[in-house]
There are 2 protein chains.
Amino acid sequence: MKVVFIGAGNLATRLSYEMHRKGFEIVQLFSQSKESAEALANCLQCDYTTSLQEVRNDAELYIFAVKDSVLEEVLQAMPHNKGLWVHTAGSIPMDIFAPYVSRFGVFYPLQTFSKNRECDFSSIPFFIEAHTAQDCSLLKKAASELSTKVIDASSEQRKHLHLAAVFANNFANHMFAIASRLVEEQGLPFDALQPLIAETAEKIRILHPLQAQTGPAMRYDENVMNNHLSLLNDENLREIYRLLSKSIYDHSK
Amino acid sequence: MKVVFIGAGNLATRLSYEMHRKGFEIVQLFSQSKESAEALANCLQCDYTTSLQEVRNDAELYIFAVKDSVLEEVLQAMPHNKGLWVHTAGSIPMDIFAPYVSRFGVFYPLQTFSKNRECDFSSIPFFIEAHTAQDCSLLKKAASELSTKVIDASSEQRKHLHLAAVFANNFANHMFAIASRLVEEQGLPFDALQPLIAETAEKIRILHPLQAQTGPAMRYDENVMNNHLSLLNDENLREIYRLLSKSIYDHSK
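About the criteria used
Residues numbered from 1 in each chain as written. Chains lettered and ligands numbered in written order. Predicted model: local features only at pLDDT ≥ 70, side-chain atom pairs only at ≥ 80, totals over all residues. Heavy atoms only, no water. Helix = DSSP H or I, 4+ residues; strand = E, 2+ residues; numbered from the N terminus. Buried < 20%, exposed > 50% of the residue type's maximum accessible area, 1.4 Å probe, protein only. Areas by Shrake-Rupley, 256 points an atom, 1.4 Å probe, with all protein chains shown as cover. Lys, Arg positive; Asp, Glu negative; His and termini not counted. Charge placed at Lys NZ, Arg CZ, Asp CG, Glu CD. Phe/Tyr/Trp six-rings, centres within 6.5 Å; stacked < 30°, edge-to-face > 60°. Least-squares fit on C-alpha atoms with pLDDT ≥ 70 in both. Contact = heavy atoms within 4.5 Å. Pairing = 2+ DSSP bridges. Axes fitted to C-alpha atoms, helices over the stretch in contact; angles between N-to-C directions. Salt bridge = Lys/Arg side-chain N within 4 Å of Asp/Glu carboxyl O. pLDDT = per-residue confidence, 0-100. Disulfide = S-S within 2.5 Å. Left-handed = near helix turned anticlockwise from the far one by under 90°. Nonpolar A, V, L, I, M, F, W, Y, C, P; charged D, E, K, R; others polar.

Turning our attention to the overall build of chain A. For chain A, the count of helices and strands is nine helices and eight strands. Taking the principal axes of its C-alpha atoms as reference, chain A extends roughly 70 × 40 × 30 Å. Looking at chain A as a whole, 58% of its 253 residues qualify as buried. By element, 46% of the accessible surface of chain A is carried by carbon and sulfur atoms, the whole surface being about 10,700 Å². Once the 24 positive and 30 negative side-chain charges of chain A are each reduced to a mean point, those two points are 3 Å apart.

What follows is the structure, given as structure tokens:
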């Protein structure tokens, strides 16, 4: 299957590497940045362009992996063709493509990607949606080459998945950031928290997070909670502590 | 070194197993629950008692690994002796022992323990404090048999460590719980989030959490944030979303 990648960011990089490795024929790559395009195209052994007007029209699959905020603009400048156009974004409805082409869909891997960090695609869930049943099958077949978890999801479901990912990734990471600040303010090294953080994530492979919950908020131990609040000298952190403790207690019921 | 364990909960279980495995001579175990005491003592091949009056007085180290709320009561009922008494709690000052004995300290492994889950002690940081320099050395020597990370920490520092652990473990787990609720409300399986959660924890082994932070709050993308807020039908969750987004943005500056 001939594939064109539009974008050379974190997701485009990791996904195109993996598709290349799995034998997809990546024929061209577009990026506005010549440097990014050239570097990635070298690894993929494919052509690249920095002009959307020069994007080939003979590929079967066009993967738009660009920032949410520029996708519309990219689609407006993109020459139409008969290929299947998909994006890789959680929060963008599939219908963004409707004004431009008749074959379109979504190819959404639920993971956080870094350019320089390898990841094991086989366990990453791919959420698939397409305008026609035939293209949906085609996308599922492509996703199954990469991962064992291929799941149908509507645009509405995908929006909620993306929101869930903000809690599971962005907000959880912020809890680690606050914890690191508290430890470092005491002159202790942040990495002392790493085994605890690893175990926190590891535990929910076996237990649902509602079952894995422990701590003073869970048992509404006001004594410990008040002591903790008295240690926090930042009102924003106290407010976070109160609100999350209340929420943990409410969820436990 | 002869050791007596007071307690048979999660921490007592995992720590006593590990000390037994590493050649410490655990001579006796106390628990109020005959069932717990018997089960754990069997594994440790040691005696047990359910009466504090019957605790032996010839051990060198007494490890009090009981609930914070009952430690004082246990100490009051415990016959005095010449051994070194330590507790394993983050939030309890060392001086809780002062009215009872002259040799005392703290032996605090920063980790969340489950009775039935093995853990790799070698990477768990042990925070050590003792009333005398001599006992501090003794505790550090004992901790070094279990872990490569042995760190001095005052009672004040330890309180902050415990608070940091609430953020890193309890609150991060609650973010996973909320994410699971959002996914499950869409009829999708929670385990679709597991690769993302694993990567979230994994990433901060390489990057400090402040560097690892991504997402709409980080770049103050009001468009995405307002869309997310409109998907949350629970005012408590909206408040959590707002407060954490603001805090992420504030920390990014």
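A few words on the packing of aromatic side chains. Residue and element names in this part refer to chain A. This structure, assessed with the given rule, holds 24 aromatic pairs over all chains. Taking 6.1 Å as the distance between ring centres and 35° as the angle between the ring planes, the aromatic pair formed by F97 and F104 counts as tilted. Residue F97 is classed as buried on the basis of its relative accessible area of 0%. Of the residues examined, F104 reaches a relative accessible area of 2% and is grouped as buried. Considering the side-chain rings of Y108 and F127, the 6.4 Å spacing of their centres and the 40° angle between planes classify their relative orientation as tilted. With a gap of 19 residues between them, Y108 in strand β6 (residues 104-109) and F127 in strand β7 (residues 126-130) connect regions that are remote in the sequence. Each of the two residues, Y108 as well as F127, counts as buried. A connected cluster of aromatic rings, assembled from ring pairs, spans Y62, F64, W85, F97 and F104.

Once chain A is rotated about the relating axis by 180° and shifted along it by 0.0 Å, it coincides with chain B to within an RMSD of 0.0 Å. Those values place the two copies in the arrangement expected of a two-fold rotation axis. Nearest to the rotation axis, the C-alpha of A172 of chain A is located 2.3 Å from it, this being the minimum over chain A. In this assembly the copies share their binding face: 100% of the residues contributing to the interface of chain A also contribute to that of chain B.

Right, let's talk about the sheet that holds strand β4 (residues 61-64) of chain B for a bit. Adjacent strands of a sheet pair through backbone hydrogen bonds, lying either parallel or antiparallel. Residue and element names in this part refer to chain B. Spatially, the eight strands line up as an open sheet ordered β3-β2-β1-β4-β5-β6-β7-β8, and their pairing is mixed. Since the sheet does not close on itself, it has two edges, and those belong to β3 (47-49) and β8 (150-152), each with one partner. The mean inter-strand angle of the sheet, taken between neighbouring strand axes irrespective of direction, is 25°. Relative to β4, strand β1 (residues 2-6) runs parallel, the two being bridged by four bridges. Pairing of V4 across the sheet is with Y62, part of β4. Relative to β3, helix α2 (residues 34-44) is tilted by about 165°, and along the sheet it contacts β2 (25-30) and β3. Packing against the sheet, helix α3 (residues 68-77) makes contact with β1, β4 and β5 (84-87), and its axis sits at approximately 145° to β4.

All names here are of chain B. Enumeration according to the criterion identifies 38 salt bridges over all chains in this entry. Residues K140 and D152 are paired through a salt bridge, measuring 2.7 Å at the closest nitrogen-oxygen approach. Taken together, the residues span a long stretch of sequence, with K140 in helix α4 (residues 133-146) and D152 in strand β8 at a distance of 12 residues. The exposure class assigned to K140 is partly exposed, which follows from its relative accessible area of 27%. For D152, a relative accessible area of 42% gives the class partly exposed.

Residue and element names in this part refer to chain A. The strand order across the open sheet built from eight strands is β3-β2-β1-β4-β5-β6-β7-β8, with neighbouring strands paired in mixed fashion. Looking at which strands have only one partner, the edges of the open sheet turn out to be β3 (47-49) and β8 (150-152). Taken pair by pair, the neighbouring strands of this sheet meet at an average axis angle of 25°, ignoring direction. Bridge analysis of β7 against β8 gives three bridges, and the strand direction is parallel. Residue pairing in the sheet places I128 in a bridge with D152 of β8. In this fold helix α1 (residues 10-21) packs onto β1 (2-6), β2 (25-30), β4 (61-64), β6 and β7, with an angle of close to 165° to the strand it touches most, β1. Of the strands in this sheet, β1, β4 and β5 (84-87) are in contact with helix α3 (residues 68-77), which crosses β4 at around 145°.

On average, chain A scores 96 in pLDDT, and the residues at 70 or more come to 100%. Scoring of the predicted complex yields 0.94 for pTM and 0.95 for ipTM.

For the coordinates displayed, the defined rule picks out zero disulfides over all chains. The thiol sulfur of C43 of chain A is not disulfide-bonded, and the nearest other cysteine sulfur, from C46 of chain A, lies at 9.7 Å.

What follows concerns the packing of helix α9 (residues 235-252) of chain A against helix α9 (residues 235-252) of chain B. Where α9 of chain A meets α9 of chain B, the closest approach of the two axes is 11 Å, and the angle between their N-to-C directions is 150°. The handedness of the crossing between α9 of chain A and α9 of chain B comes out as left-handed. Every residue of α9 of chain B that contacts α9 of chain A at N236, L237, E239, I240, L243, L244, K246, S247 and D250 of chain A is listed here: N236, E239, I240, L243, L244, K246, S247, D250 and H251 of chain B. Its residues assigned to classes, the contact of α9 of chain A with α9 of chain B comprises seven nonpolar, five polar and six charged.

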